[in-house]
Structure formats: C-alpha cells, structure tokens
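Remarks on the overall topology
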Protein chains: 4
Amino acid sequence: MPSVGIVGGTGYTGVELLRLLVIHPSVELTVITSRSAVGQRVDEMFPSLRGFIDLTFSEPSLELLSQCDVVFFATPNGTAMQMVPELLQAGIKVIDLAADFRLKDPDVWLQWYKMEHACPELLAEAVYGLPELNREQIKTARLLANPGCYPTAVQLGFLPLLQQGLVQNERLIADVKSGVSGAGRGAQVPTLLCESSESFKAYGVAGHRHWPEVHQGLSAVVGHSVGLTFVPHLVPMIRGIHATLYAELKQPCDVQALFEEYYAEEPFVDVLPAGSHPETRSVKGSNHCRIAVHQPENSRHVVILSVIDNLVKGAAGQAVQNMNLMLALPESTGLRMPAMMP
Amino acid sequence: MPSVGIVGGTGYTGVELLRLLVIHPSVELTVITSRSAVGQRVDEMFPSLRGFIDLTFSEPSLELLSQCDVVFFATPNGTAMQMVPELLQAGIKVIDLAADFRLKDPDVWLQWYKMEHACPELLAEAVYGLPELNREQIKTARLLANPGCYPTAVQLGFLPLLQQGLVQNERLIADVKSGVSGAGRGAQVPTLLCESSESFKAYGVAGHRHWPEVHQGLSAVVGHSVGLTFVPHLVPMIRGIHATLYAELKQPCDVQALFEEYYAEEPFVDVLPAGSHPETRSVKGSNHCRIAVHQPENSRHVVILSVIDNLVKGAAGQAVQNMNLMLALPESTGLRMPAMMP
Amino acid sequence: MPSVGIVGGTGYTGVELLRLLVIHPSVELTVITSRSAVGQRVDEMFPSLRGFIDLTFSEPSLELLSQCDVVFFATPNGTAMQMVPELLQAGIKVIDLAADFRLKDPDVWLQWYKMEHACPELLAEAVYGLPELNREQIKTARLLANPGCYPTAVQLGFLPLLQQGLVQNERLIADVKSGVSGAGRGAQVPTLLCESSESFKAYGVAGHRHWPEVHQGLSAVVGHSVGLTFVPHLVPMIRGIHATLYAELKQPCDVQALFEEYYAEEPFVDVLPAGSHPETRSVKGSNHCRIAVHQPENSRHVVILSVIDNLVKGAAGQAVQNMNLMLALPESTGLRMPAMMP
Amino acid sequence: MPSVGIVGGTGYTGVELLRLLVIHPSVELTVITSRSAVGQRVDEMFPSLRGFIDLTFSEPSLELLSQCDVVFFATPNGTAMQMVPELLQAGIKVIDLAADFRLKDPDVWLQWYKMEHACPELLAEAVYGLPELNREQIKTARLLANPGCYPTAVQLGFLPLLQQGLVQNERLIADVKSGVSGAGRGAQVPTLLCESSESFKAYGVAGHRHWPEVHQGLSAVVGHSVGLTFVPHLVPMIRGIHATLYAELKQPCDVQALFEEYYAEEPFVDVLPAGSHPETRSVKGSNHCRIAVHQPENSRHVVILSVIDNLVKGAAGQAVQNMNLMLALPESTGLRMPAMMP
C-alpha cells in the first residue's frame, strides 16, 4: 500500500487531510511533521482523531519523508518550495496545498507573495490540480499545485461559459464569500469568535492573492487576459465558500443545458436543477462542488452560484482526489461521503 | 408629549420599534396592537422589555389608534393599506414599515406583491422615507413609506455616483447579504437555527421584491430606467446587511472625495477612510449606515461597500428618524446609541 | 445483503440515518417513507444526498416494509407503537429511535407522554439499546428501543460509579446541555436562528421526558430508585450534548482508573486522560462518547463530563451500532469516521 | 460635570465601558490610556464609536489621570494594584474591573493569581461593588473592586437563600456557562471562531479564580466557610452568562415569594414569574440580572437560574452603576436601556 506523509499538519488543511487519510482504504499515512509540535501525539492536539491515528509529530527531514510515496505540504506559503526539489530528486511525488507552485510566472509570484521563488525552474512542470480541467496531466504529475479554495469555486463556475466563448471576457465579476476556516488556525484577533461571528464584511478588496490565480486560469482558457473583478467576504461560519459570479452573455443561450452537459461525467461537480440556490452546508465535509445557474429577469447578467467546502474540494479533499489520480487509484477512493446535514 | 401607537408589534421590526420607543425622550408609546396576542402583556412576550413597558396587546381599532398622533405599521405587506385611509382622515400621521406605499405604480405593486392595492390614490402622496434623499418632503408628510432594508443600503451606496452621472447606469450590480432577522419571526423551516446557521446561500435570484423598489429609486434619480442586477443572500447571523455594489465609471474620478462630501452633513451616514472594509457589527443596534468605496487594481469596477443594521437603519430606526422629522423633533432624538461591540 | 427501511425520514434523526446508511457497506437501504413527502425524491429534500440515493419517499405500508430485514422508526413519539406489532409478526426486526419502547412501565409512559400505550405487552420484550449496558440482549433482539440522546450521555457517565456502588445514589445531578437539533426539524419560533442563536437557557426544569428514562436506567443498575435532579439547557449550536454530572463519593477512590478500566474494551466510549475537558466538537458527526472525570479541589463532588453527538451516538449512529449487533455484523461497521474538525 | 478616565481601554470590558460612558449624560470621558495603542484614535480601533468619541489613546500617567474624578481600570489582573495607591493619594476615586482588590486575604490572592499583592494594606478598605449587597459602603468608597462576571450571577442567585439560612451551606453547586467574550480580546487559538463555535465544553474544573471570590462572598454572608462546587463552561456565543445553581433546602419554603420580596426594590435584579426560564439574550447589552427559581418534581434540589450580560452587569455596566453611587448620581443614570432583541 502506498505510503503518504504530511508536512505541516497542525493547521486546518492539515487536520482535514488527516480526517480523510486515516480512513482512506488504499494508502497508509506514515509520517506527519510539524516543527512546533515535535514529539506531541497527533491525537493529543486533535482529540477528534483519538482511536484513528497513532502517530507523533516529527521534525521534517528528507530522510523521514523519503520513506513516503507521496508527500503533502500543508504548510504556509513559501515553505514547500524550499524542500520540493530534493524530494522530487528522491523520486517522491509532491502535492502542495499552498500557493508555491500555482502561478506560472515567478514575477507574478514575487509581486503577490513578496518573496523570490526558490525553484522557478519547476513552475512549468508543476501541474495545476483542478481535475475537471487537467485530469490527464495530473495522472502523470510528479509535482502537483493544489488549487486555492476561491479559485476552485470560481473557475468551476466560469469554465463552461468561457470555454464556449459565450460571455464578455472583459467584465467578469466574482463576489465570493468564505467561512472563517479559510483564514487558518493562527491566533489572530480578527478571527476570534467575538470579532467574526454575528458580523459580515468584505476584505482584501484592493487586491487578493487568489486574483492572479483565477486570472491565470481563466485567461489560459480563453487565450488572452480576462477582465476580472474579485471581491472576497468573510462569513460567520466555519466552513464553506459561496461564489456568486456575474457575466454578460454575448447572445442568448441555454446556460442550464450547457452546464449539465459540461459536467455530466464529473464525479464531484453537481449541476443543480434550474431555479436552485445551493447552500454551502450541502457540501459541508464533502468533496462536491454544487452549481446553479440563473438568468434573472430584469438583468443583463447570467448569475452562477458555486459552492464548495473550502477545506475539502477547496483544499484537502481535492488534494486526495489528485493523489488518487497520481497513484492510479479510482478517483473517488476515500471521498464518497455525503455532507453533514444539519 | 406626542402619543404614538404600533399596529402589529410581535415581529422583529415591531419589537425593535419597542426597544427604541420605550426610551425615546420626546414621545410616549400608548397603544400597541396584535390580533394574535390580544390581552397578553408585551413584556411577557418580550422579557427583554420587563421594566420598560406596562402595555398589553390590544385588538387594532380606529377608536384606539385615534388617540395617537403617529401610528407605525409593523405589519405584513398588505395590511396597512386597509387601515391607512381612515387613519389619515382622522388626522393621524402614519409610518408604514411594510411595502404598501413604497412603489408608486399600482401595477408594479400588483406584479410583485400579488394583490390589488387597496388605496392607489394615496401612492402619489406617500413620501418615501429615505431622509438622505427626501428630508424636506418627510417633514411635512402625512403618510410615510419607510424604505426596505436592502433598498436603504443599496440606494445610499449608489446615490452619490448616480446623482453625479458618473457611472454606466445600465450595468449596475447589487450583491447583497442579510442576516436572518430579515426573514421575520414566522415559524419556518428554512430559518431554523439548524437550517440557516453554518451555511450561506443566495435566494430569490430570479426576482426579489426589493428589486422594483431600488429600481424605482435609482431610476428616479437619473431620470430613466437603470439596468440593475440584484442578488440577495442569507448570512448566518441575526442582524446586519452588507451591500457590495459594482458599477463602471464613465471616466476617472475621486470617488472617495465625492462620497465624503456628499454625506458630510448626514447624521447617520458615515463614509469610512479610504481602504476600509465596514463590518456589519459596526452598526449592530445603531441607526448608522457605514460606507467604503474602492477602485481595485486590475478591475474596471468601482466597488462600494455599504452596511446597515437591517432592523434599525433598515427598518425601525429609520422609522423613528422619520417620525422625528415629521414631529419637528431633532432628527437624532432617541437614536444616539453606539453599536454593540462585540 | 440485508435490506433496511426507514419510516419517517424527513426529520434530523431520519436524515442522519440516511447519511450513515447510504455509505454502510453491509446493508442496502431500500425503502423510506414519509406521509408528508410521498412522491418526492429524497435528494430533492436533502441536496446533501445528491449522488448517494435514488429513492423517493413512499407512503408507509406493511407490504412495502415487509421487504426489509430491519426497519428503523425515525418518527414522532407514539407512531412506532401503532405499527410495530404487525411488523414483528411479519418477522421484521424493528429499531425505534423514538421513545415508544424505552420505558418499561406503561403508567410511566402515560404520565410523561400523555397517551395510552398501544402495545404494552411488548414493553418487557423490547431491549433498551445501550450496547455498553445490554450488548448481549441486543444481539438477539427483535424489538429495540434506541436510547434518548441525554440518557445516553448521562448513563454512560454515571454507570461506572453506580455499578461499583461508589456514590450517594440519592443526590445525583445531571446538568445537561444540547445543541438545537435535539429539538427537531419542526417549524417553531423558539428554534429559529434569531431566537436561539447568541443565547443560552435552561428549559423543562419542572420535568423533562428524559428524566424517567435516565431514572429507570440508573435505578435498575443499583437496584432501587435513585435520586436524580435533571436540568436540560439549549446551546446555540447545531449538534452536540454535554452532560456535566455531579455525585458525592462515599469514600475516596481512583475514579480515573475506574473509568478507564470500565470502558477499556468499548469501541465507542473514550475515557480522556486525567485533567481533560472534552469538547462536543470532538465527536461532531462521529459515534463516540468522550468522558473525563474530575475531583475538583475545594469540592465534595466528583464531576463527570460526557459528550456525544446527539444525532449520532445519541440517535442514528447508536441505532446503526445496534443494527450491526442485531445482524451479527462487526459492531463498528459503517461507523468508523472521525469527527469533523473544525 | 465629573470627569472620568479609563486605563486600558482596548479589551472587551474597556470598549463596553466606552459604549456606556460616551452616552452617559452626567459624566464626561476625558482620558483613555493604552500602552499598546498610544496615539491611535479610539474610533479607528473601534469603528462602532465613530461619531461618539474624539479621543486618542494615551500613555498612562499620574499626571494625565489626575485630571479625572474617577478612574476605571479595565486592565489585566495585577496592573491596577501598581497604580492605585498614588491615584488614591491624589484624591481620585478608583474602580477596578479586574480582580486586584476583590479578595480580602493577600495569601488567597497569591495562591490563585500567582503574584504578590502590591498594596495589601488597601484590601480591607476596598469595597466589593455588588450594590445589592453593599450599596451603602459603595456610596462612600474611594476604592471599588468591581465583581467578576460569574461571581455576580452566582451570588445574586444564592444570596436570598443563604441570608435566610434556608439551605445546606456545605453542598452548593454552581454550574455556570459563559459566552466567549469572557475570555477577553487576546489572540488565542481556543477562542477563534473555528475553535469555539459549534462546540461546548467545560474548562477549569480543577479550579477557577472565581471560586475564591464566590466562596469569600457567600461565606461572609453565612458566617462560615461554605462548601461550593464551581464548574464553568464555554458557550458558543459572544455575550451572556447563565448560572444554574443547586442547593438542598433544609425545610420546605416558598422560594418564589422569598426572591420576589428580597429583590423587590432592586433596579437591576428582576425575579421572573414562577415557571420561567430566563434566556441570556433577555439581558444582552443591558445591566439587568434576571432570575428564576424552580423546585423540580422528583428532585431534592432547589434550582436557581440567573442570567446576566457578562460585559454589562458582569463588568462595565456594574462599574457604571457603582460610579453612579460613588458620585451620588441616580443609580440607573445612563443604564436605562432594554436588551437587544433579537
């Protein structure tokens, strides 16, 4: 059975990877590292895992990770790029849940992440892990850049329209909303319960790091730079992303049929019946993206509603889906779980 | 001291009116009616008011209400229009917090509210109670249509741009988000805690009753029918509205300065410093609207963020503000309270 | 593969049964009934199940249910007792998630549930489905009374102390707290988000239906009527029960060791290390009960903290655990899932 | 008009003091200090106060504070005791919202707060600011120790029973629950929204600093050391404390009548009708304590339910109430506000 490791397992994407991997039937989790928690039992930090895992956090090291067939990085941006070259050389497949390998242009990386890229020569090889877009390349990838949470929801919502060339590419709008777990597990005043519950706000309107990622993806699809306004908001809940997308159709078309056909074979994209309003809770804990399309009366816009669980399809679940593809396992292995309701 | 009455005091706008009126220094609350709660003490239904009110719910009647100088209707849509004509004839000023007198065209009313209007002859006289737009007419109004919650936040956000003719009026977008109290106090499955907490969704994308109200208001300002896409969402919190507004500027301009100047004298509209992101909690329980304006890099849109408490500036607080104007009291009387934080 | 049916699948225990059964590897869900939703697709009511279930709600009937090996009742109290006799006669095993068969004395049933019991002759036969107490009888049961949510958490917390005769049985206190899903999916004002979030209250202090159930269970263990004060509270969250239990030790003893030993072999009861404070979220979505024991300085009481997910170990999960036992399947089949965190 | 200052105004008790003092009609807030925020405008940190305050955070200094008639300390434990002696010498009245002057015995202080007391000679003089217990001493106090949040709710609930000698003083239980704002505004992982919402837990069962405070207060009332078990819990909400109190009556008595009579003249203690269950939201933002008493069937215990807003009657509101008494203002000045509902 393939052996997998996790570098940086103490944040929310890390513990979500743990939740999925400890019951995955076809891989074995053998290593988990965290500089800050070396020596601590994993289930002491996360009592929800008592009875499911017998590991202790280790110091990250090439020697330790070399035992693995696949290594996940659930680390802050800029960490994976320091270790990936030597892991690849050691023949290990790498899945990075951070942003290090998502942007193809190292200058764009520098501009948005404020650090020089440590291995720009790998950017071209890295495969952007959106299976609905890049399934075949993923299957043979050594280095996989797992997409961001917003970019997953936004791209899955815009893709059918853009690939068919049906909308004005220069005035796309993504009004996106995320639960608080998207901000991570670091101790910060703004994400305290008393600061973020019973309130709603936009943030990063001047510029958010997921803008270049979405812009790169959508522009690649249409073959030129799209015009995209991207406004993220914080929702007083733990999990979930809701993307409300606006585009202007060039000419009338049956958008519902387009989406249903486009995603007909996808195991984790679910196009809802016409007139639906997907709730984020309908994917809470599951790897699904649910999408509804609307053409409101009195409006020149087509409106797409796209929901995911930011920690699953927006992070750890999609990473496992990618791992399954990279290991030639059935794509849904370990991911066939309905959302928790209520 | 002027005497005021409330028809229909058992919903959220009703109890919010109560919260404000029981400590209002210049009016006396003397009557409150509710068909469903006749004979019940008000503070038995709302223990938060114990010690502040000694009234009992009465059957609504002209005789009883005639003792009042001002009557508020906090009733479902379609109720006020049945009683208003006789109240006006009796010389009583009326403030309707429902939608009965907001739309000028009875056909539009019929289309969106699915009932014939009972007194279309009063629609022209009714004053739309947005003080920032209609302050002078409000002062002399007999019949006041208190604006809807979304329409308050959206119009206050768009007004400066539209009055100056700075944006393309045919492609306005209002992506609006409301706390659950906007759905009222009726017992319904979708607004149970277990259905609406820990989740986020859009609703009414095909068409929402606040669309014609906003459309009417904005169109009146620019002198022709504007193009408006309006998408409401439900936020898992009790109070608060956040409007994220998108418009395309016709030419570069200093939007920040425009807004600051436009609202410089307004007691309840607060334009935040450049770069701000207003949180709905910054107005929780207060009558303020806080606004921030952005022109994101990489975007052709100006983005306006406008927040209110849907039950205060979006309902009961604005109604008291209007009452103050109608009674020639200082406009802020009884409304000088900071938001509750946290 | 055994075939199972659900009567009354539209409430929270019903949909939780669905979540567990659609991925259970050793049984097949073939029937689900609901008088109010006949003809509706299950995944239309619960979009979280799209892709997992292809059933439609049926009218409940003996004919239909006779195809099943096991039938779950997720109905209101008083419904199962009307249908159970004929199902048993047809050779079908029954698991009732309501209270119909929990109380052994029909007079006590009448007193607390305000209706005559329809089949008191079955009360003696019905097995109370707390596996940690009655595992052997459960294996051979035809009729299983699945315990209430509070009674599960409270009895698992008190059992070791009472079975060893270590505490004063006449002054037990259970201060218990439940998430709102315990109140069901019916449309009611008190469980609206705007009524029950951001607040905490006790309820039913004068008498709650879980009192006689806990009293019966604990009294049976010690052989006489125990003295029990039982105070339930409503917590502003969806899932979870936290029982804080107080008892006075007759003499000093190592309570930690006692609990660890008592539950050493139990797959779903987890005694935490000394000094722990279990969080309800550590069992959110899982079938575990986590327990911690304390003997505070400055106190004559031993304090037991016991948490479960009211919909899993407190309802649907325990029902599946019981079904596994009744069908001679491994007890944990389909229930090996860590809690969702965060 | 008396001038007041606040030392340490950046935490939750500080900003709540601000909310109350900026609209207090009979005092003027002239100074606010914070070492960490020197030079920052108060309304920049707390936008909810925009339009209500024009102050900037200052460095704390005797010179600055000497301009005030009253100084509030909203600082961490151990800070006030460093500055109080010189303020008193300068003739300034001091109200400490921290614990520095609550415990009469410096050894007990040392044991629970792990630091030597800086001015033990002032402990005897300091008045414990529970107006319902010490109103007369408060009126003449120079140095006031504002009670803790839990101690306020618990003592108000037990006082009538203990003063009348009606219960067994050696087996009192306080099962208390608090909203998360009680944990303060510091950046800590356990109080992040993603860690503390959708969950419930006990904490500090082994020993909590409010135990000695309650123990001291209740023991003083009865004249000997009471037996008290005290178990605090964290509720996933911002504000509110609910104390569930258990005591055994020595003999039957009309507890409802006792409480109603005991608190008949109190402006901020409200005894609810028999059979009531007070909700914490009924005091959200208000200075009231609401109490209900129960004698459940099948129980040997009297159960008292006592709710307050931890930031108001449990901190800043009670401090203002004490200030009013110390300045010979009407006790309710600036505090006549109903709770926010919903």
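Here is a short report on the structure shown in this document. (Residues numbered from 1 in each chain as written. Chains lettered and ligands numbered in written order. Predicted model: local features only at pLDDT ≥ 70, side-chain atom pairs only at ≥ 80, totals over all residues. Heavy atoms only, no water.)

On to the interface of chain A and chain B. Counting residues at the interface gives 49 residues for chain A, matched by 49 residues for chain B. For the pair chain A and chain B, the summed buried surface comes to about 4200 Å²; carbon and sulfur atoms form 53% of the total. The interface formed by chain A and chain B contains six salt bridges. Here Asp175(A) ties to Lys177(B) by a salt bridge, and the two come within 3.1 Å at their closest N and O atoms. Sorting the residues of the side of chain A that touches chain B by element identifies strand S7 (172–179), helix H8 (193–196), strand S8 (201–202), strand S9 (228–235), strand S10 (241–248) and strand S13 (301–308) of chain A as the ones contributing at least two each. In terms of residue count, S9(A) provides more of the side of chain A that touches chain B than any other element does, five residues in total. A per-class count over the side of chain A that touches chain B returns 22 nonpolar, 13 polar and 14 charged. (Contact = heavy atoms within 4.5 Å. Buried area = accessible area lost by both parts, 1.4 Å probe. Salt bridge = Lys/Arg side-chain N within 4 Å of Asp/Glu carboxyl O. Helix = DSSP H or I, 4+ residues; strand = E, 2+ residues; numbered from the N terminus. Nonpolar A, V, L, I, M, F, W, Y, C, P; charged D, E, K, R; others polar.)

On to helix H1 (residues 12–21) of chain A, then. Along H1(A), nine of the 10 residues are buried, which leaves the element largely enclosed by surrounding structure. Among the residues making up H1(A), those that are buried are Tyr12(A), Gly14(A), Val15(A), Glu16(A), Leu17(A), Leu18(A), Arg19(A), Leu20(A) and Leu21(A). In this fold, the buried residues of H1(A) make contact with strand S1 (3–7), strand S2 (28–33), helix H2 (42–45), strand S3 (70–73) and helix H11 (312–326) of chain A together with helix H8 (193–196) of chain D. (Buried < 20%, exposed > 50% of the residue type's maximum accessible area, 1.4 Å probe, protein only.)

All right, on to the pairing of strand S3 (residues 70–73) of chain D then. Consecutive side chains along a regular strand alternate between the two faces of the sheet. All names here are of chain D. Every second residue of S3 is oriented toward a common face, with Val70 and Phe72 on one face and Val71 and Phe73 on the other, all of them buried. Sheet topology note: the S3/strand S4 (residues 93–96) ladder contains four bridges and is parallel. Looking at S4, one finds that valine 70 is bridged to lysine 93. (Pairing = 2+ DSSP bridges.)

What follows deals with the interface of chain B and chain C. A common way to report how large an interface is uses the accessible area buried once the components associate. Between chain B and chain C, the residue contacts involve 19 residues of the former and 19 residues of the latter. Around 1500 Å² of area is buried between chain B and chain C when both sides are counted, 71% of it from carbon and sulfur atoms. There are two salt bridges connecting chain B and chain C. The interface formed by chain B and chain C holds six residue pairs in polar contact (both at pLDDT 80 or more) in total. (Polar contact = N/O pair within 3.5 Å; in protein donor to acceptor, adjacent residues only side chain to side chain.)

Let us look at the sheet that holds strand S10 (residues 241–248) of chain C. All names here are of chain C. Here seven strands make up an open sheet; going across it, the order is S8-S9-S7-S10-S13-S12-S11 and the pairing mixed. A single partner strand is all that each edge strand has here, and the edge strands are strand S8 (201–202) and strand S11 (269–271). Across five bridges, the pairing between strand S12 (residues 289–294) and strand S13 (residues 301–308) is antiparallel. Each bridged residue has a counterpart across the sheet, and for isoleucine 291 the counterpart in S13 is serine 306.

Our next topic: the relation of the copies chain B and chain C. Expressed as a screw transformation, the operator carrying chain B onto chain C has a rotation angle of 180 degrees and an axial translation of 0.0 Å, and the superposed copies differ by an RMSD of 0.0 Å. Seen this way, the second copy is the image of the first under a two-fold rotation axis. Comparing interface residues between copies, 100% of those in chain B also lie at the interface in chain C; the contact surface is shared. (Least-squares fit on C-alpha atoms with pLDDT ≥ 70 in both.)

Bringing unusual backbone geometry into the picture now. All names here are of chain A. Residue proline 342 follows methionine 341 across a cis peptide bond; omega there is 0 degrees. Within the secondary structure, proline 342 sits in the segment after H11. The phi dihedral of glutamate 198 falls on the positive side, at around 50 degrees, and the residue is not glycine. Assignment of secondary structure puts glutamate 198 in the loop between H8 and S8. Overall, glutamate 198 belongs to the buried group, its relative accessible area being 9%.

With that out of the way, let us pick up the relation of the copies chain A and chain B. With an RMSD of 0.0 Å, the operation that places chain A on chain B is a rotation of 180 degrees combined with a shift of 0.0 Å along the axis. Mapped onto chain B, 100% of the interface residues of chain A are again interface residues, and the two copies thus contact each other with one and the same surface.

Note that every value here comes from positions in space, so none of it alone points to a role or purpose.
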